[in-house]
Amino acid sequence: MGSEKESFQQKNYIQKSLFYRFSQFVGFLLGARFFVAALLTFALYVSTFFLFNQEESFRKFVFDFRVHGIIFCTVLSILAGGIINQFYDFEKDHIVKPFRTRIQSFIKQKYFLYAYLALTVISLGVAIFISYRVLIFFIVYQFFMWFYSHKLSRILILNNLTFVSLTLYPFFGMMVYYQTFSKKIFLMAIFLFLILLCIDIVKDTLTKSVDKTFGYTTIPNYFKSKNTRIILISLLTVTIAVSMKIIIKTGISGFMAYYFIGGLFIMITCIYLLLNSSRRTNFFTLNILRFWVFIGILAMLLNGIEGKL
């Protein structure tokens, strides 16, 4: 009888231990924004090969270890940035993201900081072997990710502009690496910048009161709701104008042409939702725009495959 009880306790302990380790693993992934990093990695590979890389064959691209090294450093930097951001936003996330915070509580904050330092050092270490220019590129990138979390995320307008700029920074780096400068890419960059800016401002409308409590001066909690709505509608209107410019002036074709034509209806839908602004419609607007960014990555992939065939 005693041995059966001991066996049951041991089995129960193992199950709890496995659950605890699994919870730690999931908590680390969420804390490091792993899924965001995975999506950005996918987007980087798609845009690098099908947009910035105009001359290399697929074989040459696959064996271009400098490119893979740069993207690897980018992924590590994004993971490190996610960790340091959640470290500074920990109190705010307790209210805004209670489930994620609960999962992250399985890991002590000091281990997140150790992981942040390790990812930063490995990223810069790999960058040194690529070139000193790449090293400088990532030192600047990582500094501003830390500075954003430490200071800029609390400053009106700068918080939104810095967040969007840091999201696009790796893509700018790949464009410089391949020296691919054109009117089409410039307009597409503006289009993406505007959508990401709208996403960030709409996201701030959903955390308006919490941001104010913790000292984050955002557009929604600094201006009135009506003025925030005017700003968002103005940005979406400019995005529509940029989409039309891309369609008419750049000779874009294939899946990307359908994407930008469809984007006109998406932007109009978002404007309609904002005109009837409420927490629910803002939530729908946020997820529609996020979904449309993801569709853009897929459209670029399909357009690139179609062009290479």
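In what follows, the structure referred to is the one given above.
Residues numbered from 1 in each chain as written. Predicted model: local features only at pLDDT ≥ 70, side-chain atom pairs only at ≥ 80, totals over all residues. Heavy atoms only, no water.

## Here we look at the overall build of the chain
At step 1: A tally of helices and strands in the chain yields 15 helices and zero strands.
At step 2: Out of the 309 residues belonging to the chain, those deemed buried represent 47%.
At step 3: Within the chain, contacts between residues at least 6 apart in sequence are counted, and of these 77% link residues at least 24 apart.
At step 4: Entry remark: accessible area of the chain is about 17,300 Å², with carbon and sulfur atoms responsible for 70%. (Helix = DSSP H or I, 4+ residues; strand = E, 2+ residues; numbered from the N terminus. Buried < 20%, exposed > 50% of the residue type's maximum accessible area, 1.4 Å probe, protein only. Contact = heavy atoms within 4.5 Å. Areas by Shrake-Rupley, 256 points an atom, 1.4 Å probe, with all protein chains shown as cover.)

## Observations concerning a nonpolar patch on the surface
At step 1: A grouping of Tyr-132, Ile-136, Val-140, Phe-143 and Phe-144 is seen on the molecular surface, where their side chains present a nonpolar patch of about 480 Å² in accessible area.
At step 2: Looking at where Val-140 falls in the secondary structure, it is placed in helix α8 (residues 132–150). (Patch = residues over 30% accessible without salt bridge, like charges linked within 9 Å, V, L, I, M, F, W, Y side chains within 5 Å. Salt bridge = Lys/Arg side-chain N within 4 Å of Asp/Glu carboxyl O.)

## Concerning the packing of helix α10 (residues 183–206) against helix α14 (residues 254–275)
At step 1: Running from N to C, α10 and α14 cross one another at 35 degrees; their axes reach a closest spacing of 14 Å. For the pair α10 and α14, the crossing hand works out as left-handed. Seen from α10, the contacting residues are Met-188, Phe-191 and Ile-195; seen from α14, they are Met-256, Tyr-259, Phe-260 and Met-267. (Axes fitted to C-alpha atoms, helices over the stretch in contact; angles between N-to-C directions. Left-handed = near helix turned anticlockwise from the far one by under 90°.)

## Quick look at α8
At step 1: Its 19 residues give α8 an end-to-end C-alpha distance of 27 Å, which sits within 8% of 27 Å, the value for a rise of 1.5 Å per residue.
At step 2: Turning to α8, its buried residues are Val-134, Phe-137, Phe-138, Tyr-141, Gln-142, Met-145, Tyr-148 and Ser-149. The arc that holds every buried residue of α8, seen down its axis, measures 125 degrees, which confines them to one face. Exposed positions of α8 whose direction lies more than 90 degrees from the buried face are Tyr-132 and Arg-133. (Expected span 1.5 Å × (residues − 1). Arc of directions from axis to C-beta.)

## Here we look at the packing of helix α7 (residues 109–130) against α8
At step 1: Interhelical geometry of α7 versus α8 gives an angle of 160 degrees and a closest axis separation of 8 Å. By the angle between their axes, α7 is roughly antiparallel relative to α8. Contact residues: Tyr-116, Thr-120, Ser-123, Leu-124, Ala-127, Ile-128 and Ile-130 in α7; Val-134, Leu-135, Phe-138, Ile-139, Gln-142 and Trp-146 in α8.
At step 2: Its residues assigned to classes, the contact of α7 with α8 comprises ten nonpolar, three polar and no charged. (Parallel < 35°, antiparallel > 145°, perpendicular 65-115°, else oblique. Nonpolar A, V, L, I, M, F, W, Y, C, P; charged D, E, K, R; others polar.)

## Quick word on the packing of aromatic side chains
At step 1: Scanning the entire structure with this criterion turns up 15 aromatic pairs.
At step 2: Ring geometry for Phe-137 against Tyr-169: centres 4.4 Å apart, planes inclined by 20 degrees, an arrangement best described as stacked. A residue pair is termed long-range when its members are at least 10 positions apart, and Phe-137 in helix α8 and Tyr-169 in helix α9 (residues 158–178) qualify at 32 residues.
At step 3: When its relative accessible area of 18% is taken as the criterion, Phe-137 is described as buried.
At step 4: Plain terms: the ring middles of Trp-146 and Phe-147 are 6.0 Å apart, the flat faces sit at 35 degrees to each other, and that makes the pair tilted.
At step 5: Judged by relative accessible area, which is 26%, Phe-147 ranks as partly exposed. (Phe/Tyr/Trp six-rings, centres within 6.5 Å; stacked < 30°, edge-to-face > 60°.)

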